[in-house]
Amino acid sequence: RKEVEQDPGPFNVPEGATVAFNCTYSNSASQSFFWYRQDCRKEPKLLMSVYSSGNEDGRFTAQLNRASQYISLLIRDSKLSDSATYLCVVNSWGKLQFGAGTQVVVTP
Amino acid sequence: NAGVTQTPKFRILKIGQSMTLQCAQDMNHNYMYWYRQDPGMGLKLIYYSVGAGITDKGEVPNGYNVSRSTTEDFPLRLELAAPSQTSVYFCASSYSKQSGTEEYFGPGTRLLVL
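So, here is what we can say about the structure in this document. (Residues numbered from 1 in each chain as written. Chains lettered and ligands numbered in written order. Predicted model: local features only at pLDDT ≥ 70, side-chain atom pairs only at ≥ 80, totals over all residues. Heavy atoms only, no water.)

Moving on to the sheet that holds strand β6 (residues 55-57) of chain A. All names here are of chain A. In space, the five strands of this open sheet follow the order β1-β3-β8-β7-β6, with antiparallel pairing throughout. Two strands lie at the open edges of the sheet, namely β1 (4-6) and β6, each paired on one side alone. Across the sheet, the mean angle from the axis of one strand to that of its neighbour is 20 degrees, orientation sign disregarded. Of the pairings in the sheet, the one linking β6 to strand β7 (residues 60-65) comprises three bridges and is antiparallel in character. Looking at β7, one finds that Asp 57 is bridged to Phe 60. (Pairing = 2+ DSSP bridges. Helix = DSSP H or I, 4+ residues; strand = E, 2+ residues; numbered from the N terminus. Axes fitted to C-alpha atoms, helices over the stretch in contact; angles between N-to-C directions.)

What follows is the structure, encoded as C-alpha cells:
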C-alpha cells in the first residue's frame with residue numbers, strides 16, 4: 001500500500017464550479033500535512049498547509065481528518081488558472097511523503 | 001533572491017555515461033534535498049543534507065552520489081547512467097526540518113538515458 005494515495009483524476013470542472021478531492025495517508029503518526037500545486041512540467045509549489053481545525057485561504061479550503069487518516073482540498077469558484085496537479089504531502093518526523101497528485105482541469 | 005536553481009534543464013545521456021546535476025540555493029537554507037519524479041508517481045527522495053559536510057540517503061539512493069561542501073551547493077552525481085534513471089529530478093531546500101516547514105523547489109532537470 002502506498003503511504004500517500006490520491007485519486008489521479010482528471011477532475012474536469014466547469015469554470016465557476018466547486019471541486020473537492022481527498023488524499024489518504026497510512027502513517028497514523030504523521031505530524032503535518034500540505035497541499036502543493038504543480039503545473040505541467042514545472043516544480044511543485046506550496047499551496048497551503050493543512051491544520052487540524054481546517055483552514056481556508058481565499059477560494060481554497062483544506063481539512064484534516066486524523067481518525068480516518070485523510071486530508072481534503074476544496075476549490076470554490078474555480079478559475080481557469082486553477083488547472084494543475086495538486087500534490088498531497090505528509091510530513092512524518094521530518095520526512096516528506098508525496099502523493100502522485102490529482103489532476104484538475106477547469107474548462108470554460 | 002534566485003531561490004533554488006538547477007542546471008542543466010534537460011540532458012540526454014547514453015547508458016554508462018556519467019554526469020552531475022547542479023543545484024544551488026541563495027536562501028541560506030541548511031536543509032537540501034534531491035527528488036526524482038517519474039510519470040504517475042509521487043516524488044521520491046534520493047538524498048538529503050542537513051548542512052555542509054553532512055549527507056544521508058533517502059528512499060531511492062542507489063546509482064547516485066551527493067556532496068555538500070558549501071551551504072549553497074548540493075550536486076547530484078550519476079556514475080553509470082541506466083535507463084531506469086530516466087526521470088525528472090528536483091532539488092529542494094528548507095530552513096528547517098521541523099513539521100510545517102515549506103520546501104522550496106528548483107525548476108527541475110529532465111534526464112533521458114538511452
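Okay, the pattern of salt bridges next. All names here are of chain A. Overall, the coordinates contain seven salt bridges over all chains when judged by the stated rule. Between Glu 56 and Arg 76 there is a salt bridge, with the nearest N and O atoms lying 3.4 Å from each other. Placement of the pair is Glu 56 in strand β6 and Arg 76 in the loop between β8 (70-75) and β9 (84-92), with a sequence separation of 20 residues. (Salt bridge = Lys/Arg side-chain N within 4 Å of Asp/Glu carboxyl O.)

Chain A puts 19 residues into the contact, and the matching count from chain B is 19 residues. Both sides of the chain A and chain B interface together cover about 1500 Å² of buried area, and 52% of this is carbon and sulfur. When residues of chain A are sorted by the area they lose upon contact with chain B, A:Arg41, A:Glu43 and A:Phe98 head the list and together hold 28% of the total. On the surface where chain A and chain B come into contact, there are three residue pairs in polar contact (both at pLDDT 80 or more). Those elements giving two or more residues to the side of chain A that touches chain B turn out to be β4 (32-38), β5 (44-50), β9 and β10 (95-98) of chain A. (Contact = heavy atoms within 4.5 Å. Buried area = accessible area lost by both parts, 1.4 Å probe. Polar contact = N/O pair within 3.5 Å; in protein donor to acceptor, adjacent residues only side chain to side chain.)

The subject of this paragraph is the state of the cysteines. All names here are of chain A. Summed over the entire model, instances satisfying the criterion amount to two disulfides over all chains. Two residues, Cys 23 and Cys 88, share a disulfide whose sulfurs are 1.9 Å apart. Where Cys 23 bonds to Cys 88 through sulfur, the torsion about that S-S bond is close to -70 degrees, and the disulfide is left-handed. Of the two residues, Cys 23 sits in strand β3 (residues 19-25) while Cys 88 sits in strand β9, which places them 65 residues apart along the sequence. (Disulfide = S-S within 2.5 Å.)

This part takes up unusual backbone geometry. In this structure, the amide linkage connecting A:Gly9 to the following residue, A:Pro10, adopts the cis form with an omega of 5 degrees. In this fold, A:Pro10 is placed in the loop between β1 and β2 (11-14). Positive phi values are uncommon outside glycine, yet A:Arg41 reaches one of about 65 degrees. Along the chain, the position of A:Arg41 falls in the loop between β4 and β5. Relative accessible area serves as the criterion here: at 60%, A:Arg41 is assigned to the exposed category. Of note, the phi angle at B:Asn28 is positive, near 60 degrees, even though the residue is not glycine. Residue placement: B:Asn28 occurs in the loop between β3 (19-25) and β4 (31-37). (Buried < 20%, exposed > 50% of the residue type's maximum accessible area, 1.4 Å probe, protein only.)

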